[in-house]
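# Close look at the chain arrangement
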Amino acid sequence: MERGLSADARNFRPSAIRRFAKYYHDPSIIGFAGGSPSSETFPAARVAAIAERLLREQSSVVLQYGPTAGVPRLREFVAGICRGRGIDCTTDDVLITTGSQQALDLVAHTLLDPGDVVLVELPTYIGGTGSFYARRAEMRGVAQDDGGIVVESLSEAARRFQPKLLYVIPNFQNPSGRLMAQQRRDEVLRVAEEHDFLIVEDDPYGELVYAEGADTTPIAARPGSTKRTIYLGSFSKVLAPGLRCGWIVAPKEILAAIEIAKQAADLCSGMLDQSIVDEFCAGGELAPQIERVRNFYRGKRATMLAALGEHFGGRATWTPADGGLFAWLTLAGDVDAEARIEDAVAAGVVYVPGAPFFVDGSGRNTLRLTFAKEPDERIRDGVARLARVFA
Ligand SMILES: Cc1ncc(COP(=O)(O)O)c(C=O)c1O
């Protein structure tokens, strides 16, 4: 079978965290493993009402093919969102994608040749590296600390490897939950200019802010940065991932090539999905929705942090999870989080071990915990169980 596969396909990497999916829907196991938003945040009744009206009144549009770049009014709305985040762009600079995951895949297809080097954070999002590996690119890791990417490590890697691009998630990163300091973002751009590589800035979590004063201004908002940054956004975490709506803002020539890659990939993103999102946004419903989602997660995040303080004090450190969906734990000493998974499941709790998020094979003593899924009581109980597993 292997013989029939392309060289790209032979380099495909299945997601190393998918194998925990079997525990996600088991109610007897407290779930800290998933990466999905809580379905309690989905505005299901509004989506149903909008869909019903669209199908009744505009079926010839919403059940038809649409423009590859996306529903025009939604592109315009997204350009407004991006300008609100400080990015200098117009509707023409925006392409709607089938989730930001497709954006990653299209970027990889459009920019990467086999052997090209992509710099990624240690740790980084597995779906990003999955898209880059699928084009036979080489990943090189750049150190991260609590302020985000370590600039000296980035400079050093840029000098050694002459990367084609850097992939970063500066706002409440998946998996670490970290927020990159604004000054680091300036420096990332400076290093990219010095070594002439592109920055793919993936920002699906920037709106999920829980802490006062967290500055989420993207790298793409720096003056002059739009020639060098490819900015990705998504409605998945604030609205509903099943609607599969994300976007790319990129320099003109790159966006034109990406649009052709998208024609080959799927002609256009689902028109019904896009039209529902478009109506929701045009009706002014997005801002209050984001506020509701923030409030929903804020309390759960506080519960998890308090439980970690109670049970893991002195035995681990963790990120403050000032936004996003994850707390990231680094255990003291020589502990292999992956080796404890079966024990944890037997104890009725599941997490994601951190090592698969590190392209250099490090991070064995780390784990990712989501606070999105469980009610407060089970978050407290789950952290206590986890502490016993790692006692
Ligand atoms: C950092 C990051 N990028 C991209 C995605 C893909 O999201 P979507 O395709 O639903 O927009 C995710 C999903 O978890 C993510 O965490």
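As shown above, the structure is provided for reference.
Residues numbered from 1 in each chain as written. Predicted model: local features only at pLDDT ≥ 70, side-chain atom pairs only at ≥ 80, totals over all residues. Heavy atoms only, no water.

Of the regular secondary structure elements, the protein holds 13 helices and 14 strands. In terms of overall size, the protein behaves like a compact globule, its C-alpha atoms giving a radius of gyration of 21 Å where 391 residues would be expected to give roughly 21 Å. Taking the principal axes of its C-alpha atoms as reference, the protein extends roughly 60 × 55 × 50 Å. Across the 391 residues that make up the protein, the buried fraction comes to 55%. Considering only residue pairs separated by 6 or more positions, the protein has 75% of its internal contacts joining residues 24 or more positions apart. Here the protein has roughly 16,100 Å² of accessible surface; of this, 51% comes from carbon and sulfur atoms. When the 44 positive and 50 negative side-chain charges of the protein are each reduced to one mean point, those points stand 3 Å apart. (Helix = DSSP H or I, 4+ residues; strand = E, 2+ residues; numbered from the N terminus. Rg over C-alpha atoms; globule rule 2.2 N^0.38 Å. Buried < 20%, exposed > 50% of the residue type's maximum accessible area, 1.4 Å probe, protein only. Contact = heavy atoms within 4.5 Å. Areas by Shrake-Rupley, 256 points an atom, 1.4 Å probe, with all protein chains shown as cover. Lys, Arg positive; Asp, Glu negative; His and termini not counted. Charge placed at Lys NZ, Arg CZ, Asp CG, Glu CD.)

The next thing to look at is the pairing of strand β11 (residues 326-331). Residues in a regular strand point their side chains to alternate faces of the sheet. Most of β11 sits out of view: 5 of its 6 residues are buried. Alignment of strand β10 (residues 316-318) against β11, held across 3 bridges, turns out to be antiparallel. In the strand pairing of β11, A316 is matched with L331. For β11 and strand β14 (residues 366-370), the ladder comprises 5 bridges, and the chain directions are antiparallel. By the bridge assignment, L329 is partnered in β14 with L367. (Pairing = 2+ DSSP bridges.)

The buried count for strand β8 (residues 229-234) comes to 6 of 6 residues, which makes it a mostly enclosed element. Alternating positions in β8 separate into two faces, T229, Y231 and G233 on one and I230, L232 and S234 on the other, with burial throughout. Across 4 bridges, strand β7 (residues 198-202) lies against β8 in parallel orientation. Across the sheet, D202 pairs through a bridge with L232, a residue of β8. Direction of pairing for β8 relative to strand β9 (residues 246-249): antiparallel, over a ladder of 4 bridges. Pairing of L232 across the sheet is with I248, part of β9.

Below, the discussion takes up the nonpolar core. In this structure, F235, W247 and F312 are the most contacted members of the largest nonpolar core, which totals 84 residues. Apart from the residues within four sequence positions on either side, F235 is in contact with L74, V78, I81, A240, C245, W247, V277, C281 and L286. Counting residues in hydrophobic clusters, the runner-up holds 28 residues, among them L106, F132, I254 and I258. (Core = buried A, V, L, I, M, F, W, Y, C linked by side-chain atoms within 4.5 Å.)

Moving on, we get to the packing of helix α2 (residues 44-57) against helix α10 (residues 271-282). Geometrically, a packed helix pair is captured by the angle between its two axes and the distance between the axes. Running from amino to carboxyl end, α2 crosses α10 at an angle of 115 degrees, the nearest separation of the two axes being 10 Å. Between α2 and α10, the angle falls in the class roughly perpendicular. Between α2 and α10 lies a crossing whose hand is right-handed. Here R46, V47, I50, A51, R53, L54 and L55 of α2 come into contact with α10, specifically with L272, S275, I276, E279 and F280. Split into classes, the residues belonging to the contact of α2 with α10 amount to 8 nonpolar, 1 polar and 3 charged. (Axes fitted to C-alpha atoms, helices over the stretch in contact; angles between N-to-C directions. Parallel < 35°, antiparallel > 145°, perpendicular 65-115°, else oblique. Left-handed = near helix turned anticlockwise from the far one by under 90°. Nonpolar A, V, L, I, M, F, W, Y, C, P; charged D, E, K, R; others polar.)

This part is about the site of the ligand. S100, D202, Y205, S234 and S236 are the nearest of the 13 residues found near the ligand. With respect to the ligand, the backbone of S100 contributes an N or O atom lying 2.7 Å from an oxygen atom. R244 is positioned with one of its side-chain polar atoms (N or O) 2.8 Å from an oxygen atom of the ligand. Starting from 400 Å² of accessible surface for the ligand in isolation, the protein chains cover 92%. Here the ligand is seated within the largest pocket. Considering every element that reaches the shell around the ligand, the biggest residue donor is helix α5 (residues 99-111), with 3 residues. The residue makeup of the shell around the ligand, split by class, is 4 nonpolar, 6 polar and 3 charged. (Near = heavy atom within 4 Å. Polar contact = N/O pair within 3.5 Å; in protein donor to acceptor, adjacent residues only side chain to side chain. 1 Å grid on protein atoms, 1.4 Å probe; cavity = no way out; pocket = protein on both sides within 12 Å on 5 of 7 lines; lining within 4 Å. Sits in = over half its atoms within 2 Å of the grid points.)

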